[in-house]
Amino acid sequence: MTSLTEHIIELAGEPVFYRETPGPGRCAVYLHSLPTSSADWLPFLDHGRALAPDLPGFGRSTKGGHLGYALDDHLRFLEAFLDSVAVDETVALAGHGWGGAIALAYAQRHPARVGAVAIIDALPLLEGFAWPRVARQALRPGVGEFVMGSVTRRRLGRALRAGVADPAAWSDEQIEAVWEQFDQGTQRAILRVARSIGATELARAGSGLSTLSAPTLIVWGEEDPWLPARFAAAYASALPAAELAMIPGAGHWPWLESPAVIDRVTAFLSAVP
């Protein structure tokens, strides 16, 4: 078993929280989605050298209202984070949802620094995507703030469980942990992420996917209600060195319903020389 440590550093004067496990070989960097944190990756971090930051606006990292939360902002954060923690060699990136989009965007910008990519139900940097209805509400000024402000622990739990095939995949304890960090700063960050990039901009952000040579594992829950499984096949067609793993009976967080996903992802990231 690896030795997990937790850290808080400052980037541009702002606190950033991350989890780390030591070990030999290439460092795997895990990027979470919304509205959660690096805690999503705890079962993955016991499999070798890894870093998992809380993205700005989430978990225990900075949530300042003066910050930007667009894709380019998170790319600059990842660049600064890796420089700060002295990871100057090639990394393996893993991302879920919004974190998957960040991972692919970073790989396009810095192909020489990325040796492998694993995406799990990633936000599509592809043509044909439309935000789910619940997200479209958040895009409307005023309405989104009202919706966020009216979220209770029970409503948050229902929303998380709506994203999986088996509601029991989200335990009460896991929901409570997300709720504890679902403060005004995180609510604001979710709205700004959703409003920062539309379908056209997402497709434009993926315009260089066909140039990526790094081995890429695409993991997708077949019953994801928000990001349809057809985007898994579209990613597999767009990425030259793609390996596709569809997970039956699983939704947006497939490792919660199929723990074998954890071994599949960690083995892939560690196997690439």
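For the structure itself, consult the block above.
Each value, and the rule that gives it
Residues numbered from 1 in each chain as written. Predicted model: local features only at pLDDT ≥ 70, side-chain atom pairs only at ≥ 80, totals over all residues. Heavy atoms only, no water. Helix = DSSP H or I, 4+ residues; strand = E, 2+ residues; numbered from the N terminus. Rg over C-alpha atoms; globule rule 2.2 N^0.38 Å. Buried < 20%, exposed > 50% of the residue type's maximum accessible area, 1.4 Å probe, protein only. Contact = heavy atoms within 4.5 Å. Areas by Shrake-Rupley, 256 points an atom, 1.4 Å probe, with all protein chains shown as cover. Lys, Arg positive; Asp, Glu negative; His and termini not counted. Charge placed at Lys NZ, Arg CZ, Asp CG, Glu CD. Salt bridge = Lys/Arg side-chain N within 4 Å of Asp/Glu carboxyl O. Polar contact = N/O pair within 3.5 Å; in protein donor to acceptor, adjacent residues only side chain to side chain. Pairing = 2+ DSSP bridges. Right-handed = clockwise from strand over helix to strand, strands pointing away. Core = buried A, V, L, I, M, F, W, Y, C linked by side-chain atoms within 4.5 Å. Axes fitted to C-alpha atoms, helices over the stretch in contact; angles between N-to-C directions.

Draft legend 1. How the structure looks around the overall build of the protein chain. If you tally the helices and strands in the protein chain, you get 11 helices and eight strands. In terms of C-alpha radius of gyration, the protein chain reaches 17 Å, essentially the compact-globule figure of 19 Å for 273 residues. Along the first, second and third principal axes, the C-alpha atoms of the protein chain reach 50 × 40 × 35 Å. When the 273 residues of the protein chain are sorted by exposure, 52% land in the buried category. In the protein chain, of all internal contacts separated by at least 6 residues, the share reaching a separation of at least 24 is 71%. When the accessible surface of the protein chain is split by element, carbon and sulfur atoms take 54% of a total near 11500 Å². Side chains of the protein chain carry 22 positive and 29 negative charges; the gap between the two charge centres is 8 Å.

Draft legend 2. The arrangement of the side chain of Asp224 in detail. With respect to the secondary-structure elements, Asp224 resides in the loop between β7 (216-221) and α9 (230-238). Here Asp224 occupies a buried position and makes no salt bridge, while the nearest side chain of opposite charge, Arg230, is found at 11 Å. Of note is the side chain of Asp224, whose polar atom sits 2.7 Å from the side chain of His252.

Draft legend 3. Focus on the pairing of strand β1 (residues 5-11). Pairing of β1 with strand β2 (residues 14-21), which is carried by seven bridges, proceeds in the antiparallel orientation. Directly across from Thr5, in β2, lies its bridge partner Glu20. Where β1 folds back onto β2 in an antiparallel hairpin, the turn is made up of two residues, including Ala12, whose phi is positive at roughly 55 degrees.

Draft legend 4. Main features of unusual backbone geometry. A cis amide bond, omega 0 degrees, links Leu34 with the succeeding residue Pro35. Here Pro35 shows up in the loop between β3 (27-31) and β4 (50-53). The backbone of Ala12 sits at a positive phi, close to 55 degrees, despite the residue not being glycine. Summarising the element assignment, Ala12 is placed in the loop between β1 and β2. In this model, Asp121 sits at a positive phi of 45 degrees, which is unusual for a non-glycine residue. Note that Asp121 resides in the loop between β6 (114-120) and α3 (133-138). A relative accessible area of 0% means that Asp121 is categorised as buried.

Draft legend 5. Focus on the pattern of salt bridges. The tally for this structure, following the rule as stated, stands at 12 salt bridges. Where Asp72 meets Arg109, a salt bridge forms, and the shortest distance between an N and an O atom there is 3.1 Å. One end of the pair, Asp72, is in helix α1 (residues 71-84); the other, Arg109, is in helix α2 (residues 98-109), with 37 residues separating them in the sequence. Residue classification places Asp72 among the partly exposed residues on the basis of a relative accessible area of 40%. The partner of Asp73 in a salt bridge is Arg76, and the shortest N-O contact between them spans 2.6 Å. Here the residue Asp73 and the residue Arg76 both occupy positions in helix α1, the gap between them amounting to three residues, near one helical turn. Accessibility expressed as a relative area gives 25% for Asp73, which makes it partly exposed. Residues participating in the shared-partner salt-bridge network are Glu6, Arg19 and Arg60.

Draft legend 6. Highlighting the pairing of β6. The buried fraction of β6 is high, at seven of seven residues. Between strand β5 (residues 91-96) and its parallel partner β6, the chain crosses via α2, and the hand of that crossover is right-handed.

Draft legend 7. Main features of the environment of Arg113. Structurally, the position occupied by Arg113 is in the loop between α2 and β6. Sequence separation between Arg113 and Asp88 is 25 residues; the distance between their C-alpha atoms is 8.2 Å. Every residue in contact with Arg113, bar those within four places of it in the chain, is listed here: Leu82, Asp83, Val87, Asp88, Glu89, Thr90, Val91 and Tyr106.

Draft legend 8. The arrangement of the nonpolar core in detail. If you look at the biggest cluster of nonpolar residues, it comprises 90 residues, and the most contacted ones within it are Tyr30, Phe81 and Tyr235. Setting aside its immediate chain neighbours within four residues, Tyr30 contacts Trp41, Phe44, Leu45, Ala50, Leu51, Ala52, Pro53, Ala94, Thr266 and Leu269.

Draft legend 9. Spatial organisation of the sheet that holds β4. With mixed pairing, eight strands are arranged side by side in an open sheet as β1-β2-β4-β3-β5-β6-β7-β8. Across the chains shown, the open sheet's two edge strands, defined by having one partner strand only, are β1 and β8 (242-247). Across the sheet, the axes of successive neighbouring strands diverge by a mean angle of 20 degrees, strand direction being ignored. In this sheet, β5 lies alongside β3 in parallel orientation, the contact comprising five bridges. Counted as the bridge partner of Ala28 is Ala92 from β5. Along the sheet, α2 makes contact with β3, β5 and β6, crossing β5 at roughly 145 degrees.

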